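Topology and contacts: notes
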Amino acid sequence: MKKLKKYLLIVIIGIFTMLGGSYFYVEFAGYFKFSKEWQLGVVNRIRNSPELPERFYVLYEKIYPGYFTDPLFSYYIRKLAFPYKREIQSPYRDMALMTNPVGFDLTLVSFHLTHLVSSKECFNCRMHYYEFLNNTTGVYEVSRKYFNKEIDELDDREMIEIIVYTFNPSFYNKFRFPDRVEQKVEMLMSKLQI
């Protein structure tokens, strides 16, 4: 009986040591794995992206609750539990995808960004460089091209339409499938009670 207790204690300590080591590796490996030049370049690109109107953040947060506030670990846990759910998003992971990491580096970049920039800064950068269709990059260009307005002048409906384009730009193409876009925007507006 004593040997069994001793064995179980060793197994439990081993499991906690592996989990703790994995956590610290994922959380802090970016400081050692990525060069200072790379880190500085990514951070400068993120911080130099123009800010979006506050209403844009509010609408995005209503569509994706917790997008700006949930910790990155909760994103990965929810993604493991529900791998095909589109509603599970993280600004750090979205931004990490833009840096073209390979394999597990995507996770390391995501966690490393949490130490360097805020979630809103990541979101600003993602929206500024997002590749929409019809030779349009970023929400500022989209608002000018699709609505003939600056992004600050858009109403809620138009901002939601831009958010819909980010779901899948080719599926929600305003010029090829206007009814599909309209239907999705109406569905979101009724869901959000706007």
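In what follows, the structure referred to is the one given above.
This section reports on the structure supplied with the text. Bear in mind that the values here come from a model prediction, so they are computed numbers and not experimental data.

Let us now look at the nonpolar core. In terms of nonpolar packing, the biggest core is built from 33 residues, with Leu52, Phe56, Phe123, Val139, Ile160, Ile162 and Phe167 touching the most fellow members. In terms of residue count, the dominant contributor to this core is helix H10 (residues 156–167) (seven residues). In contact with phenylalanine 56, other than residues within four places in its own chain, are Phe123, Met127, Val139, Ile151, Met159, Ile162 and Ile163. Ranked by size, the runner-up nonpolar core spans 20 residues in total, among them Val26, Ile46, Ala96 and Val109.

A few words now on the pattern of salt bridges. Pairs may arise between side chains of opposite charge once their charged atoms sit close together. By the definition in use, this model includes eleven salt bridges. Linking glutamate 186 and arginine 157 is a salt bridge whose minimum nitrogen-to-oxygen distance equals 2.3 Å. Pair noted here: glutamate 186 is in helix H11 (residues 178–192) and arginine 157 is in helix H10, with a separation of 29 residues, a long-range link. Residues joined by salt bridges that share partners form a network here, namely Arg157, Glu182 and Glu186.

Let's shift gears to the packing of helix H6 (residues 91–98) against helix H8 (residues 119–129). Contact pair H6 / H8: the axes reach a minimum separation of 8 Å and the direction vectors enclose 45°. Between H6 and H8, the angle falls in the class oblique. Classified by chirality, the crossing of H8 by H6 is left-handed. Every residue of H8 that contacts H6 at Pro91, Tyr92, Asp94, Met95 and Met98 is listed here: Ser119, Cys122, Phe123, Cys125, Arg126 and Tyr129. Of the residues belonging to the contact of H6 with H8, the class tally is eight nonpolar, one polar and two charged.

Definitions and limits used
Residues numbered from 1 in each chain as written. Predicted model: local features only at pLDDT ≥ 70, side-chain atom pairs only at ≥ 80, totals over all residues. Heavy atoms only, no water. Core = buried A, V, L, I, M, F, W, Y, C linked by side-chain atoms within 4.5 Å. Buried < 20%, exposed > 50% of the residue type's maximum accessible area, 1.4 Å probe, protein only. Helix = DSSP H or I, 4+ residues; strand = E, 2+ residues; numbered from the N terminus. Contact = heavy atoms within 4.5 Å. Salt bridge = Lys/Arg side-chain N within 4 Å of Asp/Glu carboxyl O. Axes fitted to C-alpha atoms, helices over the stretch in contact; angles between N-to-C directions. Parallel < 35°, antiparallel > 145°, perpendicular 65-115°, else oblique. Left-handed = near helix turned anticlockwise from the far one by under 90°. Nonpolar A, V, L, I, M, F, W, Y, C, P; charged D, E, K, R; others polar.

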